[in-house]
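Analysis of the macromolecular model
The chain contents come next:
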Amino acid sequence: MSRRTERLGKVIKQEISGLLRREVSDPRLGRLISVTEVSISPDLKYAKVFVSVLGDELDKSEMLAGFNKAGGFLRKKLAPRVSMRCVPQLSFYYDDSIERGARVLKLIEQVSKNE
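Just so it is clear, the model here is predicted, and its values are computed rather than measured.

Rules behind the numbers
- Residues numbered from 1 in each chain as written.
- Predicted model: local features only at pLDDT ≥ 70, side-chain atom pairs only at ≥ 80, totals over all residues.
- Heavy atoms only, no water.
- Pairing = 2+ DSSP bridges.
- Helix = DSSP H or I, 4+ residues; strand = E, 2+ residues; numbered from the N terminus.
- Axes fitted to C-alpha atoms, helices over the stretch in contact; angles between N-to-C directions.
- Contact = heavy atoms within 4.5 Å.
- pLDDT = per-residue confidence, 0-100.
- Salt bridge = Lys/Arg side-chain N within 4 Å of Asp/Glu carboxyl O.
- Buried < 20%, exposed > 50% of the residue type's maximum accessible area, 1.4 Å probe, protein only.

1. Focus on the sheet that holds strand 1 (residues 33-40)
Each strand in a sheet pairs with another by means of backbone hydrogen bonds, the pair being arranged parallel or else antiparallel. Taking strand neighbours across the sheet as the criterion, the three strands line up as 1-2-3 in an open arrangement whose pairing is mixed. Among the strands making up the open sheet, the edge pair consists of strand 1 and strand 3 (89-94). Taking each pair of neighbouring strands and ignoring which way they run, the sheet shows an average axis angle of 25°. Across seven bridges, the pairing between strand 1 and strand 2 (residues 46-53) is antiparallel. Across the sheet, the residue bridging to Ile33 is Val53, located in strand 2. This element, helix 1 (residues 3-22), spans strand 1, strand 2 and strand 3 of the sheet and lies at about 150° to strand 1.

2. Considering the confidence of the model for the protein
Considering every residue of the protein, the mean pLDDT works out to 86; 94% of them sit at 70 or more. For the protein, the element scoring lowest by mean pLDDT is helix 2 (residues 57-78), at 84; strand 3 scores highest, at 92.

3. What to know about unusual backbone geometry
With a phi close to 65°, Leu44 is a non-glycine residue in the positive phi region. Tracing the chain through its elements places Leu44 in the loop between strand 1 and strand 2.

4. A word on the pattern of salt bridges
Considering all chains together, one arrives at four salt bridges under this definition. Of the charged contacts in the structure, one is a salt bridge between Lys77 and Glu23, with a shortest N-O distance of 3.3 Å. With a gap of 54 residues between them, Lys77 in helix 2 and Glu23 in the loop between helix 1 and strand 1 connect regions that are remote in the sequence. A relative accessible area of 27% means that Lys77 is categorised as partly exposed. On the basis of relative accessible area, Glu23 is assigned to the partly exposed category, the value being 28%. Across the salt bridge formed by Asp96 and Arg100, the nearest N and O atoms sit 3.2 Å from each other. A relative accessible area of 32% means that Asp96 is categorised as partly exposed.

Below you can see the structure in the form of structure tokens.
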């Protein structure tokens, strides 16, 4: 990834996080949602937005459905905030790295107690 795409990814991540807090009124997106990473294609036309939520599988599927529904709105709101000729097409993916990290920490804790 080039420096430009990394910087744009960070800016888009910050802006989407702010939009979720301030302007999105979809109840499916009103939970504790964090944007963990934004990966932009080399041609700057597509962006993969990785999101995480605290909750069960039902919450995760509802959240992704909410993001897919709000994708156009978020892209429209990003346009004046991001200095790009064309705002990338957003696609949303669930990121379970936080849950995996917590599970690994719990396993390490169990191993250290057994010793």
